[in-house]
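Residue strings, one per chain:
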Amino acid sequence: MKPVSLLRLYLLRGCYLLLLVGLSIQIVPDLFGPVVTMPMMDGVVTAMLSALAVLSILGLFAPLFMLPLLWFELCWKLLWVLFVALPRWQTGTMDEGTIEVLFACAFVVPFVFIIPWRYAIARYLAALDPWRAKND
């Protein structure tokens, strides 16, 4: 497997730093204040996104090891865009809150080009455990 370039590693660290800073400014403070009075699912989202911020710190030091964290970020935002924002746009029911979240989702578009997909597929597919023994 070809090693990942130093530039790509620094760009990955930039992705984790973007997550850490963005979430630390917008989400983590709610964990220490209004989360107690939030509706249940808002509290769940706050806790999960705060955990994402904390785990992003690990990504700064081990960018390849923490690639699944970036996949999670890409995946939930893609699902949200496809199943929430797009239908609202098609029906003309987008509101200010939807537009704000859509704008925030746009920040992960560069991740698609920064993630070393060949490395990730080779590394993580090779690590999968077989469903049954090879001699079956």
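In this text the structure is predicted, and so the values were computed from the model without any measurement.

**Some details on the overall build of the chain**
Part 1 of the reasoning: A count of helical and extended segments in the chain gives seven helices and zero strands.
Part 2 of the reasoning: Going from the N terminus to the C terminus, the chain shows its helices and strands as α-α-α-α-α-α-α.
Part 3 of the reasoning: C-alpha atoms of the chain, sized along the principal axes, occupy 55 × 35 × 30 Å.
Part 4 of the reasoning: Taken across its 136 residues, the chain has 29% of its residues classed as buried.
Part 5 of the reasoning: The long-range fraction of contacts in the chain, counting pairs at least 24 apart against all pairs at least 6 apart in sequence, stands at 71%.
Part 6 of the reasoning: Within the structure as shown, the chain displays about 9,600 Å² of accessible surface, and the carbon and sulfur contribution to it stands at 73%.
Part 7 of the reasoning: Separation of charge centres in the chain, based on 9 positive and 8 negative side chains, amounts to 20 Å.

**Focus: the state of the cysteines**
Note on terminology: a disulfide is the covalent bond linking the sulfur atoms of two cysteines.
Part 1 of the reasoning: Tallied over the full model, the rule gives zero disulfides.
Part 2 of the reasoning: With no disulfide of its own, C15 lies closest to C105 among cysteine sulfurs, the gap being 15 Å.
Part 3 of the reasoning: C105 supplies the cysteine sulfur nearest to C75, a cysteine that is in no disulfide, at a spacing of 12 Å.
Part 4 of the reasoning: When its relative accessible area of 41% is taken as the criterion, C75 is described as partly exposed.

**As for the side chain of T46**
Part 1 of the reasoning: Within the element layout of this structure, T46 appears in helix 3 (residues 40-61).
Part 2 of the reasoning: Reaching out from T46, the side chain makes a polar contact with the backbone oxygen of D42 at a distance of 2.9 Å.
Part 3 of the reasoning: In this structure, T46 is in contact with I27, D30, L31, V35 and M38, ignoring residues within four places of it in sequence.

**So, the packing of helix 1 (residues 6-26) against helix 4 (residues 67-91)**
Part 1 of the reasoning: In contact at an axis separation of 11 Å, helix 1 and helix 4 are set at 55° when each is read in the N-to-C sense. Considering their axes alone, helix 1 and helix 4 lie oblique with respect to each other. Judged by the twist between their axes, the crossing of helix 1 over helix 4 is left-handed. Judged by residue contacts, L12, C15, Y16 and L19 of helix 1 engage L67, L69, L70 and E73 from helix 4.

**Details of a nonpolar patch on the surface**
Part 1 of the reasoning: The grouping of V109, V112, F113, W117, I121, L125 and L128 at the surface amounts to a nonpolar patch, some 720 Å² of accessible area in total.
Part 2 of the reasoning: Broken down by secondary-structure element, the contributors of at least two residues to the nonpolar patch are helix 6 (109-114) and helix 7 (117-126).

**Looking at the pattern of salt bridges**
Any two side chains of opposite charge can pair if their charged atoms end up close together.
Part 1 of the reasoning: Taken as a whole, this structure holds one salt bridge when the rule is applied.
Part 2 of the reasoning: Two residues, E73 and K77, come together in a salt bridge whose shortest N-O distance is 2.8 Å. Of this pair, E73 and K77 both sit in helix 4, four residues apart, which is roughly one turn of that helix.
Part 3 of the reasoning: The exposure class assigned to E73 is buried, which follows from its relative accessible area of 2%.
Part 4 of the reasoning: Take K77: its relative accessible area is 9%, and that puts it in the buried class.

**Things to note about the packing of aromatic side chains**
To describe a pair of aromatic rings, you give the distance between the ring centres and the angle between the ring planes.
Part 1 of the reasoning: Across all of its chains, the model carries two aromatic pairs by this definition.
Part 2 of the reasoning: When the centroid spacing of 5.0 Å and the interplanar angle of 75° are considered together, the rings of W71 and Y124 count as edge-to-face. Here Y124 lies in helix 7 and W71 lies in helix 4, a separation of 53 residues in the sequence.
Part 3 of the reasoning: Given the relative accessible area of 25%, W71 is considered partly exposed.
Part 4 of the reasoning: The interplanar angle of 85° and the centroid separation of 5.3 Å between the aromatic rings of F103 and F107 together place this pair among those described as edge-to-face.
Part 5 of the reasoning: Note on F107: relative accessible area 42%, which makes it partly exposed.
Part 6 of the reasoning: The ring centre of Y124 lies 5.1 Å from the NZ or CZ of R123, which sits over that ring.

The rules behind each value
- Residues numbered from 1 in each chain as written.
- Predicted model: local features only at pLDDT ≥ 70, side-chain atom pairs only at ≥ 80, totals over all residues.
- Heavy atoms only, no water.
- Helix = DSSP H or I, 4+ residues; strand = E, 2+ residues; numbered from the N terminus.
- Buried < 20%, exposed > 50% of the residue type's maximum accessible area, 1.4 Å probe, protein only.
- Contact = heavy atoms within 4.5 Å.
- Areas by Shrake-Rupley, 256 points an atom, 1.4 Å probe, with all protein chains shown as cover.
- Lys, Arg positive; Asp, Glu negative; His and termini not counted.
- Charge placed at Lys NZ, Arg CZ, Asp CG, Glu CD.
- Disulfide = S-S within 2.5 Å.
- Polar contact = N/O pair within 3.5 Å; in protein donor to acceptor, adjacent residues only side chain to side chain.
- Axes fitted to C-alpha atoms, helices over the stretch in contact; angles between N-to-C directions.
- Parallel < 35°, antiparallel > 145°, perpendicular 65-115°, else oblique.
- Left-handed = near helix turned anticlockwise from the far one by under 90°.
- Patch = residues over 30% accessible without salt bridge, like charges linked within 9 Å, V, L, I, M, F, W, Y side chains within 5 Å.
- Salt bridge = Lys/Arg side-chain N within 4 Å of Asp/Glu carboxyl O.
- Phe/Tyr/Trp six-rings, centres within 6.5 Å; stacked < 30°, edge-to-face > 60°.
- Lys NZ or Arg CZ within 6 Å of the ring centre and 35° of its normal.

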